[in-house]
Structure formats: C-alpha cells, structure tokens
Amino acid sequence: MAPENPISKRRGHDGHDDKDRQLDDFRAAPESDALTTDQGVRVDDTDNALRAGERGPTLLEDFHNREKITHFDHERIPERVVHARGSGAYGHFEPYESLAEYTCADFLQEPGRQTPVFVRFSTVQGPRGSADTVRDVRGFATKFYTRQGNYDLVGNNFPVFFIQDAIKFPDFVHAVKMEPDNEMPTGASAHDTFWDFCSLQPESTHMLMWLMSDRAIPRSFRMMQGFGVHTFRFVNAQGRGTFVKFHWKPLLGVNSLVWDEAQIAAGRDPDFNRRDLWEAIESGSCPEYELGVQLVAEEDEHAFAFDLLDATKIIPEEQVPVRPIGRMVLDRNPQNFFAETEQVAFHTANVVPGIDFTNDPLLQGRNFSYLDTQLIRLGGPNFAQLPVNRPLADVYTNHRDGYGQQVIQPGDSYFPNSLSGGCPAHAGSGDLSGVFRHYQESVAGEKVRVRSESFKDHYSQATLFWNSMSDWEKAHIVEAFRFELGKVTSDEVRERMVGNLAHVHGDLAGAVAAGLGLPAPQPDPTVPSLSSPALSQENLSAEGIRTRKVAVLAADGTDVAYVEAMRAKLTEAGALVEVLAAAEGSVHGEDSAVLEVDRALPTMASVLYDTLLVPGGKQAVQTLLDDPAAVRFVEESYRHGKPIAVQGDGERLLVAARVPGEVLNAPEQGVISADSADEAADAFVSAIERHRFMRRPGLLNPGAV
Ligand code: HDE
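Only a predicted model underlies this, so the values are computations on that prediction, with no experimental measurement involved.

Glancing now at the overall build of the chain. When helices and strands are tallied, the chain shows 18 helices and 18 strands. Looking at the 705 residues of the chain, the share that counts as buried comes to 43%.

As a structural note, the neighbourhood of the ligand is formed by 26 residues, with R80, H83, G139, A166 and V229 the closest of them. Secondary-structure elements contributing two or more residues to the shell around the ligand are β2 (115–123), β3 (138–146), β4 (149–156) and α9 (361–377). At 7 residues, α9 tops the list of elements feeding residues into the shell around the ligand. A per-class count over the shell around the ligand returns 13 nonpolar, 10 polar and 3 charged.

Now for the domain arrangement of the chain. It is common to report an interface's size as the accessible area lost on association of the parts. We note that the domain assignment places domain 1 (86–159 + 213–385) and domain 2 (549–702) within the chain. Between the C-alpha centres of domain 1 and domain 2 there is a distance of 37 Å. Each partner contributes to the interface: domain 1 provides 8 residues, whereas domain 2 provides 7 residues. Residues belonging to the side of domain 1 that touches domain 2 are distributed by class as follows: 3 nonpolar, 1 polar and 4 charged.

Turning to the nonpolar core, a few remarks are in order. Of all hydrophobic cores here, the largest spans 168 residues; its most connected members are V512, V552, L553, A554 and V634. Counting contributing residues, this core receives three or more from each of domain 1 (86–159 + 213–385) and domain 2 (549–702). Aside from chain neighbours lying at most four places away, what touches V552 is V563, V577, E578, V579, L580, L613 and P615.

This paragraph deals with unusual backbone geometry. With an omega dihedral of -5°, the bond running from M184 to P185 counts as a cis peptide bond. Mapping P185 onto the fold places it in the loop between α3 (169–176) and α4 (192–199). Look at the link from F415 to P416: it is a cis peptide, with omega at 5°. Along the polypeptide, P416 turns up in the loop between α9 and α10 (460–468). Phi is positive for H83, which is not a glycine, with a value near 60°.

The positions that UniProt labels "domain: Catalase core" (unreviewed entry) are, in the present scheme, residues 36–423. Between the first and last C-alpha atoms of residues 36–423 the distance is 41 Å; the span itself is 20% helix and 19% strand.

Turning our eyes to something else, we now look at the confidence of the model for the chain. Confidence in the prediction of the chain, expressed as mean pLDDT, is 95, and 97% of residues score 70 or more. Throughout residues 1–11 the model reports pLDDT below 50, and contacts reaching past four residues in sequence, or to other chains, amount to 14 contacts. Overall fold confidence for the complex sits at a pTM of 0.96, while the interface term, ipTM, reaches 0.98.

Here the focus is the sheet that holds strand β12 (residues 576–581). Adjacent strands of a sheet form backbone hydrogen bonds with each other and so pair up, either parallel or antiparallel. Ordered in space as β15-β12-β11-β16-β17-β18, the 6 strands form an open sheet in which the pairing is parallel. Every interior strand has two partners, whereas the edge strands, β15 (599–600) and β18 (671–673), have only one. Pairing of strand β17 (residues 644–646) with β18 involves 3 bridges; the strand directions are parallel. Residue pairing across strands places A645 opposite I672, the latter belonging to β18. Sitting on the sheet, helix α14 (residues 560–572) is in contact with β11 (549–553), β12 and β16 (611–614), with an inclination near 150° to β12. In the packing of helix α18 (residues 677–690) onto the sheet, contacts are made with β16, β17 and β18, and the angle to β18 comes to roughly 170°.

To continue, consider the pairing of strand β8 (residues 288–297). When strand β7 (residues 241–250) meets β8, the two strands line up antiparallel, connected through 9 bridges. Paired with F246 across the strands is V293, a residue of β8. Here β8 pairs with strand β9 (residues 323–332) via 6 bridges, running antiparallel. Considered in β9, the bridge of V293 is made with R323.

So, on to α3. Three or more residues of α3 are buried, namely F172, A175 and V176. In an axial view of α3, the angular spread of the buried residues amounts to 90°, which keeps them on one side of the axis. Of the surrounding secondary structure, the elements contacted by the buried residues of α3 are α4.

The residue L208 is located in helix α5 (residues 205–212) in this model. With 27 C-beta atoms counted inside 10 Å, the residue L208 sits in the buried group. The spatial distance from the C-alpha of L208 to the C-alpha of A462 is 8.3 Å, given a sequence separation of 254 residues.

Closest axis-to-axis distance for the α14/α18 pair is 10 Å, and the angle between their directions is 35°. Read as a crossing pair, α14 and α18 show a hand that is right-handed. Together, Y562, A565, M566 and K569 of α14 and A677, A680 and A681 of α18 make up the contact between the two elements. Class assignment of the residues belonging to the contact of α14 with α18 gives a composition of 6 nonpolar, no polar and 1 charged.

Okay, the pairing of strand β6 (residues 232–235) next. Taking every second residue as pointing to the same face, both faces of β6 are buried, with F232 and F234 on one and R233 and V235 on the other. Across 4 bridges, β6 lies against β7 in antiparallel orientation. For F234, the partnering residue across the bridge sits in β7 and is T242. Connecting β6 to the antiparallel partner β7 that follows it, the hairpin turn spans 5 residues, and G239 within it adopts a positive phi of roughly 85°. Of the pairings in the sheet, the one linking β6 to strand β10 (residues 355–356) comprises 2 bridges and is antiparallel in character. What sits directly across from R233, in β10, is D356.

This brings us to helix α11 (residues 471–486). In this model, α11 (16 residues) spans 22 Å end to end at C-alpha, consistent with the 22 Å of a helix rising 1.5 Å per residue. Among the 16 residues in α11, 13 count as buried, and that is most of the element.

Thresholds applied
Residues numbered from 1 in each chain as written. Predicted model: local features only at pLDDT ≥ 70, side-chain atom pairs only at ≥ 80, totals over all residues. Helix = DSSP H or I, 4+ residues; strand = E, 2+ residues; numbered from the N terminus. Buried ≥ 20, exposed ≤ 12 C-beta atoms within 10 Å, placed from the backbone. Near = placed C-beta within 6 Å. Nonpolar A, V, L, I, M, F, W, Y, C, P; charged D, E, K, R; others polar. Domains from an automatic or database assignment. Contact = placed C-beta atoms within 7 Å. Core = buried A, V, L, I, M, F, W, Y, C linked by C-beta atoms within 7 Å. UniProt positions renumbered as here; feature names shortened; annotations may be inferred. pLDDT = per-residue confidence, 0-100. Pairing = 2+ DSSP bridges. Axes fitted to C-alpha atoms, helices over the stretch in contact; angles between N-to-C directions. Arc of directions from axis to C-beta. Left-handed = near helix turned anticlockwise from the far one by under 90°. Expected span 1.5 Å × (residues − 1).

Right, here's the structure in full:
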C-alpha cells in the first residue's frame, strides 16, 4: 500500500485557497512505495551500476543508470540575467474598498475578496548563489492570480530606476554586473564599470542616492517597501483613465541594516534575508504589506515639475498622498524551490482589464523583454502551463505544440473555423465581460530617436532625496559613496562622479571628495531646497516589536528570574527571544534555577539579532568577559546601533566593549540599565520599536556628517 503522502501534510498546504488547490493537482504524491524509472518500471538497486563482472566495465544497457545521470546532467536552467537570486512565498491580497470609480479590475471591486498571490523578492546584480545582504536594489514582484487572468506587478524596493529608456538596459546591466575579464565583484556595484557608466549617465543620479542609502541593505524582505516605479493607468468600466503609481508598505515598518553589519552578515549567514522570510512564515508570523496608490487625473498629466512618464522621478507623497487600498499577507512557503521560486515567470505585460500601460519608455521596453527572456530561460513558449505560472482563469487558445507542451488539445487551432463550431470564439462575438480592451489613447508623432525635453532634469529629485534625509542617513550615504568610489581604480571616473554630486548638494560632494582625497568641487548654486519627509526612514518605523529577535547572553550564574521576567514581557509584545551561551544545553542561575540555552554562541553572531539583553550575575558576567566572542557580540551590537538592556553587573560587559561612559544608561540612545525587569521592560520595548540608534557617540563619522 502506498504510504501517506508526506508532501500534502506540510503545514499550510491544505487546499488553502484556489491556487493551492490547483497546485495540488501537480504535487507529485508517490503512488507507490517503490522507486521506479521515469517510465514507471520498478527498480531494486540505485546504488550499483550494471557491470560485466564485479570489477568489470559498466554496461550501456543499464537504462536506469543512463536515465538517472542524463536527467541530472540537465537539471540546471539558465539563471535570470538580472534578479537571479530570489526567495518566494504564496499568500493573498484583499482590497479594503471597491475601486470601481477608477478601475474595472475584478480583483479590486469587492472589499475583503481574497485573490491568491505569489511574490518573489530578489537582489539584482549577483548570481543565484550570491549573498543576500549586499548593497543592491531588491526586486518585489507579485503575481495576482485573479479571476480575469494573471496580473503581475513587477516592482522594486526603490521607487525610481537608473535609466529612462529601456534601450539602455543592456548597457546598464553590463556595467553593473561583474567585470567581463575576471567576473568580479560578486553581488556588488563597487567597481569601475558601474561607476564609469553612472558618471557618464547623469539620469542615474537619483537612483544612486537610493542605492547609496540604507534602503539598499534592508533588514528583511518583511520590512521593505515595494514600488511599481512606472506610472501605470487604471481604466474604469466607462473607459476613463487615471494615472496610478503603486506602493507596497510593510506593516512591520521600513528598517535597514547598517553597512558594516551587512558585510558581516554576508559571511555569517549569506541566506540572511531568505532565511528570515522562510522562518517567519514557517512560524506563522506572516508578513503583511499594504498596497497604496497615488492617483492622478488624466487632465493633470502635465501639472508636475517632472514628467510622469520618466521612471527616474517620484511623485512626492506630500504632493499626491498615497491612498491605502488593500493588504497582502504572505502565509505559505513554496514546497520546491526550483518548481516554484525558480520557474515563476513575471511579466509587466501580464495585465488584466482595468490596468493598462503608459508611454513610459522604460515600461514599453520591459513589456518586450520579460516574455523574450523567459523563452530562453524556461526553454520554450509553454511556460505559462507550469504550475506556479498557471492562471486560475480558464485558458483557451489556438497556440499549439512547442517544447514541454503539457496539454492534449483536441480540435482545430485556427480562427475562423466552422469545423470546430467556431471555437474558441472571440469574446467580442458574445459575452463581453472580462474582455481586455486597450485604453483608447490618441497617439500621433514623427518617428524620432530623441529623449523628451521633459526628461532632462536629472538632479532636482536627487537633491530632494538628500534634503529629506536625517543626519545619520546622510552620513551613511556619504560613507557608501566613499566606499564604492574608493574601490574604483580610475581617477577620472572618481572625479567625474564627484563632479556630478556637486549638482545634488555641495555638502554631499564635499564630504565624498574629502574621503577620496579629492578637492571639493564648486557647489551648484541652482540646487533646490525641496524636501519630502516621507522619504526618510526616521519616519517609517512601525508600532510594536513583533518578530524582532532578541539575543540573551547567558552563562552559569545568570540571573534566571530576570531573564524569565524579561522574556515574558518581550514575548508578550511579539518578540522572539533566544538564549545564547558558550555551549548548548542549559545554564544554572546562582540559586540553581535552570535556563535552557537555545543556541551556542560560537554558531551565532550579533548581526543575526535585532537587539541584545545582558542579564546580571557576577559569575556569569565574568565568564562572558573572558569570552572574546561575547565581548565582540556586545561591541558590535552597540556599534550597529542596536538597543541593549543590561542588568546590574552586566554593565561591565558594556565597559569591556568600549561603550562610552555617558551612554552606559541612556535610554534615549537605546542603552537601558536597570536591575529589575519591571524597570527595564517598557523602555526596552520602545527602544526595540525604534530599531536603531545611529546618533550614539562615536557612530557618526564626523567627516561624513
Ligand atoms: Fe526587470 N527584468 N527590467 N526591472 N525585473 C527582469 O526578467 C528589464 C526593471 C524586475 O522575480 C528580467 O524574468 C528591462 C525595473 C524584477 O522573476 C528581464 C528593464 C524594475 C525582476 C528584465 C528592467 C524591474 C526583473 C530578468 C529596463 C522595477 C525579477 C529575468 C527597461 C520596477 C522578477 C526575467 C522575478 C527581471 C528586464 C527594469 C523589476 C531581463 C529591459 C524598472 C523584480 O526581462
């Protein structure tokens, strides 16, 4: 008898929604307990090839051996040319209200109606095996399996892009990818070709500001915004269009790592963001994002100082507020990385009635590129039949044949026909509901190869971004430019780039130049003084500390009662508390109370936690003081701006970690020193809520502020 299928028993995969039920038909439940070949022939030995005599040559006739090796030889497919490294999850989206006034998209009509989704987060530059915490843009691509067909919102975690016209994408990607001779650096833009391109291409300046900011090193995919980037178009049932920009906002707040931490994390856990997403979903702490839209009436197309079709520009939220329209929850991990996360195929041209394009030249080029790249990556034209890509809406086409055809299609495959009763019929000839009708935009013009004059301002919004940053965000941007340009070997490229920065802000250009040993360029007197507070991460923290990871450093002699009291309060607030000690097992308090150890200190690092708790207990603190890994843990936590709570003697560890005297008990700097959990807990929770304290003494590089 066939064993119970362990696959269907995995948590969350229980016919959860329509997509999950559809996937069930493709889940390979073993039908027999015996190993077979692809042809279903039972096999009793998969460890020894057929050979002529015990020590003789292997025989070609061994079809099982040949099939096994041949299949293995063909297991890899080309990785994505960009966004190769990614992590995916299923979930659902539901609108808060009907958007019928603006769009006839079926999935946006009814408050609370759930539409299944699959989301893939990614880095851009590095190959599939590169580290997660590199400085890079993150992809945020969502496939909505709507009743009217698949809608893909293929966005990023920055609201702008490097270039204005898709024809420049191959140039840009060749410049940012590893250098052609030595294939270095992996997962990094700190090299000559990238900065050579950008320094010659001022339209990239706004995007560079985002890339050099902490937005490029997100703490978690769960704490990162997403943007559709382009201006799209909603179309309502009457055919009226409204310009729309899409925003995803994480309910856990928008938080980042700091650069030193990101670099350490890349070694300590190259899967840092992937693991975080996976574990959060496995533990039931499902990430949520709110979808927001900025809506602009068609008649206001030219009401802005920039062109709505220019993807290097945002619409400042103070000018057009973001209206929340629904929420998305990611609650199911894939079961097979390759089948789902790797084979998922997003395409900007996968739209549904009610959502349409604009003439943004970057978007127009993308509408060609995604299908084209998938034909090579997924080996032919039938990839929409792969389980993860399959729409929930019925599919009925005249397409035939091709590699990997999964469907037996009876009947003819041409239109018009009479022999098949005219099927499939055009919707136009009968039921008109759910038909995609292209927006009736009038278009006229000479054939020209030019960039519109309205796309020519490359600096104002880079300045807007700079002006909107807090002091520590500015300092981090300066340090990032210094780091990246410091890796550039060409003096000419460095100088040209610093020259461009002078058009963003004199302070920025001057500070970067100083770090590179270059003279400060002449500031540009025309630099505007605009700012948009909505851009600063200072203003994007969430309430609460759900899923924040707290490390507790313990040893024999630790005040166990204090740890348990703090654990109770932190866990109640939704944080995850882990006790770390030199070895796994347990430690004993002075009163011989037992504290279970969750992780051995040598296997962990401060960069894997959001915050640190150091309980008192004379003997325990002495043990930790004698352990360089523990002192380093404290030192890094402080330097990376993380909240720290210490009890009693625990303060000695702060001193050993060279925490300045004036901060030893400074809740306003996120360092809380108190003897009891009652005194410490509330202040510690509010500190964790603030995420980081980047203005601590010694943290802001004076040359960079
Ligand atoms: Fe993409 N992009 N892109 N891109 N992009 C791809 O499609 C392209 C751009 C984005 O998780 C490729 O299937 C062009 C902007 C994401 O599978 C490719 C241009 C934005 C993903 C491609 C852009 C994105 C991709 C590579 C310039 C944010 C990963 C593999 C006009 C709004 C999707 C693939 C996933 C992937 C082309 C610019 C987001 C080559 C030509 C702007 C999130 O087709």
